[in-house]
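Report on the structure
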Amino acid sequence: MSISSVWQEIELPAAADWVEFEHESGVVLRRPTFWDGGDTYRVRFAPPQAGRWRWTHGAEGAGESGEFEVRPADSDEANPFYRHGFWRMSPGGRSLVHADGTPALLVADTAWALPWRATPDQVREYAADRQAKGFNAVLLMTVQPDMRAVGPRDRTQDEGFAVGFEDLADGHLNQMNVEYFQYLDVLLDTLVEHGLVPVLQPVFQGFGWKGLDVAGTVVPPSEYAAYCRYLVARYGARPAVYLVGGDGSGHEPQTAAGGAEVHAADCYGQPTGIHYRPHIRANAHQDADWLDFQWCQTGHTGEHVPERVADMWRNEPVKAVANGEPTYEHTGRTGMAEGWWQGHEAWSNLCAGGTMGVVYGAGSLWQWRLHAEEPGHSEFFLAPGAGWREAIDFEGSTYVGMLGKILDGLPTTDMAPDWTRTISGRALSTAEGGLIVYREDGGPVMVFDDTVPLSYTIVDPRDGSVVATGKRDTPTSPIPDEGGAPRVYLCLPDL
């Protein structure tokens, strides 16, 4: 009996810690189970192949078992994660690809507080906006991390928030409120339905929501690891990225414990990494098997600092890198990092080596401030006169999302910064020998390598419009542009 199509989550009752799923070809995937209240345990599984699957749980396969048939994805499937599979790391470890090898580029928004503040209706509105703009991921703190935060347990009241663990205020993760995670199921389902990957941070180690003593540096590493396993069990049969370190040094014992647990529990190989505070060297656990990526943070004061990404690019062994938190738009004061600042920041970081992708953030959005006058938040991080709804309309988000639209479908896998084939602007070379150049003010691009394809397309990165196409006469001929506006130049084979 066909009950699912490839890569779409199914749920079964469970009576053991693990359930094995075996495909008729002999491929075996093992998924952890999770508690869902009372005496209820469940397992969730996303079949990566069509055909007949058999599931077994219990001691050495002696327990319950069953079979189901999986059909291929529909030919008109619009969600890329159901059509091409979940994200994993590229062969060279520098970027993302889907399970079938299709190139991917993370274009993430920062809505840290959505899990404990937002309602389903709000998330539907938010997700539709971000999908339309070109985003495909959202950074989330999975629980409110501040141990001294207080407020009503009501997402619709000022300073209210839902509570994931009763004992988090004491630095522990043992007393789970399962209703919180059942509610979170609905919110994350909505994000995934809109092609937005939840980037799951277990318990923050840095500023947190209001800077009131985060639990992520206090929780015993064993409890942190157990919670990471729970996140993999509950949410790992759908698109996910695991951010086991959040806004810390990366050397907190919780980070390594969580990373190792995710690596052991996740049968899909979805990306796992660390997001650092601004004032740190971002190379903790660089040689760990569980680590796939490193994300720096350039702070919140409005400087462009792509050098931080370039510095991480040189770390070895190779890991994917990105600037996980540029300055939030309008944070602290109106005009901070506004508008095209965000577009320039995204393209600059990408070309400096942040080839895993780009990230955007807005003041008042990341806190999920309920309305423009809600009290109780740090003024330094708020956008004046804005709640979450006003913040999603800030201009800069359009430009960051546009980067994803412009590069969608292009050969971005394992592309690398290139300062040798042109002296104009910031450049990337693709694995197939193509060249992508970004110049903030446009103008002609001198080319100094006869392997660069002669054909070119010039795009305005502010709106994605093609402003020119053509073919250079000779390998040393410049790519022509009169200048005066931001430009992206694409010289790609078969473009």
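Residues numbered from 1 in each chain as written. Predicted model: local features only at pLDDT ≥ 70, side-chain atom pairs only at ≥ 80, totals over all residues. Heavy atoms only, no water.

**A word on the overall build of the protein**
Operational definition: Helix and strand definitions here come from DSSP, where helices need a minimum of 4 consecutive H or I residues and strands a minimum of 2 consecutive E residues; each element is numbered from the N-terminal end. Buried, partly exposed and exposed residues are distinguished by accessible area as a fraction of the type maximum, computed with a 1.4 Å probe on protein chains only: under 20%, between the cut-offs, and over 50%, respectively. When checking whether two residues touch, look at their non-hydrogen atoms; a contact exists if any pair is within 4.5 Å. The method behind every accessible area is Shrake-Rupley, applied with a 1.4 Å probe, and residues are considered shielded solely by the protein chains displayed.
Within the protein one finds 10 helices and 25 strands. With the C-alpha coordinates aligned to their principal axes, the bounding extent of the protein is approximately 70 × 55 × 40 Å. Considering the protein as a whole, with its 495 residues, one finds that 61% of them fall into the buried category. Restricting to contacts in the protein with at least 6 residues of sequence separation, those with at least 24 account for 70%. Surface accessibility of the protein: about 18100 Å² in total, with carbon and sulfur atoms responsible for 49%.

**A few points about the sheet that holds strand S19 (residues 357-360)**
Note the following rule: Pairing between strands is defined by DSSP: at least two bridges between the two strands are required. All axes here are fitted lines through C-alpha atoms, helices being fitted over the stretch that makes contact, and every angle between N-to-C directions spans 0 to 180 degrees.
On the basis of which strands lie adjacent, the open sheet formed by 8 strands has the order S18-S17-S16-S15-S14-S13-S12-S19 and parallel pairing. The open sheet terminates on both sides in strands that have one partner only, identified here as strand S18 (320-323) and S19. Sheet twist, expressed as the average angle between the axes of neighbouring strands with direction ignored, equals 25°. With 4 bridges joining them, strand S12 (residues 106-110) and S19 adopt parallel strand pairing.

**Quick look at the UniProt feature "domain: Apiosidase-like catalytic" (unreviewed entry) in the protein**
We apply this condition: UniProt positions are given in the numbering used here, feature names are shortened, and annotations may be inferred rather than shown by experiment.
As recorded in UniProt, the sites labelled "domain: Apiosidase-like catalytic" (unreviewed entry) are residues 91-412. Here residues 91-412 runs as 30% helix and 14% strand, with 12 Å between its end C-alpha atoms.

**Comments concerning the pairing of strand S21 (residues 426-429)**
For strand S20 (residues 416-417) and S21, the ladder comprises 2 bridges, and the chain directions are antiparallel. Bridging from a neighbouring strand, Ala416 pairs with Ser429 of S21. In this sheet, strand S22 (residues 435-439) lies alongside S21 in antiparallel orientation, the contact comprising 4 bridges. The residue bridging Arg426 from the neighbouring strand is Tyr438, located in S22. What sits between the antiparallel neighbours S21 and S22 is a turn of 5 residues, in which Gly433 has the positive phi angle 95°.

**Thoughts on the side chain of Asp481**
Applicable threshold: Side-chain atoms alone can form a polar contact between residues adjacent in sequence; in general such a contact is a pair of N or O atoms within 3.5 Å, and within protein one must be able to donate a hydrogen while the other accepts it.
Tracing the sequence through the fold places Asp481 in the loop between strand S24 (466-471) and strand S25 (487-491). By relative accessible area, Asp481 is classed as buried at 16%. A distance of 2.8 Å separates a polar side-chain atom of Asp481 from the backbone nitrogen of Gly443. Looking at Asp481, its side chain comes within polar contact range of the side chain of Arg487, at 3.5 Å. With sequence-adjacent residues up to four places away left out, Asp481 is seen in contact with Gly442, Gly443, Pro444, Ile458, Arg487 and Tyr489.

**Quick word on the packing of aromatic side chains**
How we decide: For Phe, Tyr and Trp, where Trp contributes only its six-membered ring, two rings pair if their centres lie within 6.5 Å, and the inter-plane angle classes them as stacked under 30 degrees, edge-to-face over 60, or tilted in between. A positively charged side chain is recorded as over a ring if its NZ (Lys) or CZ (Arg) lies within 6 Å of the ring centre. The angle to the ring normal must also be within 35 degrees.
Evaluation of the coordinates by the stated rule reveals 28 aromatic pairs. Note on Tyr180 and Phe181: the rings are 5.0 Å apart at their centroids and 80° apart in plane angle, and the pair reads as edge-to-face. The same class applies to Tyr180 and to Phe181, which are both buried. An aromatic cluster of at least three residues, connected via ring pairs, comprises Phe34, Phe165, Tyr180, Phe181, Tyr227 and Tyr230. Above the ring of Phe135, the side-chain terminus of Arg130 is found at 5.3 Å from the ring centroid.

**Some remarks on the packing of helix H3 (residues 120-133) against helix H10 (residues 396-407)**
Under the convention used in this document: Note on terminology: angles under 35 degrees are roughly parallel, angles over 145 are roughly antiparallel, angles of 65 to 115 are roughly perpendicular, and the others are oblique. Ten residue types, Ala, Val, Leu, Ile, Met, Phe, Trp, Tyr, Cys and Pro, are classed as nonpolar, four, Asp, Glu, Lys and Arg, as charged, and the remainder, Gly among them, as polar.
Across the interface, H3 lies against H10 with an axial gap of 8 Å and an inter-helix angle of 55°. Taken as axis vectors, H3 and H10 run oblique relative to one another. Residue-level inspection shows Arg130, Ala132 and Lys133 of H3 in contact with H10, the latter providing Ser397, Thr398, Gly401, Met402 and Lys405. Residues of the contact of H3 with H10, tallied by class, amount to 2 nonpolar, 3 polar and 3 charged.

**Regarding the sheet that holds strand S5 (residues 34-35)**
Read across the sheet, 3 strands follow the order S2-S6-S5 without closing on themselves; strand pairing throughout is antiparallel. Edge positions in the open sheet fall to strand S2 (10-13) and S5, since each of these has one partner strand only. Where S5 meets strand S6 (residues 41-45), 2 bridges bridge the pair, whose relative direction is antiparallel. Paired with Trp35 across the strands is Tyr41, a residue of S6.

**Topic: the UniProt feature "domain: DUF5060" (unreviewed entry) in the protein**
The UniProt feature table records "domain: DUF5060" (unreviewed entry) at residues 17-57. Annotated as 0% helix and 61% strand, the span residues 17-57 places its first and last C-alpha atoms 8 Å apart.

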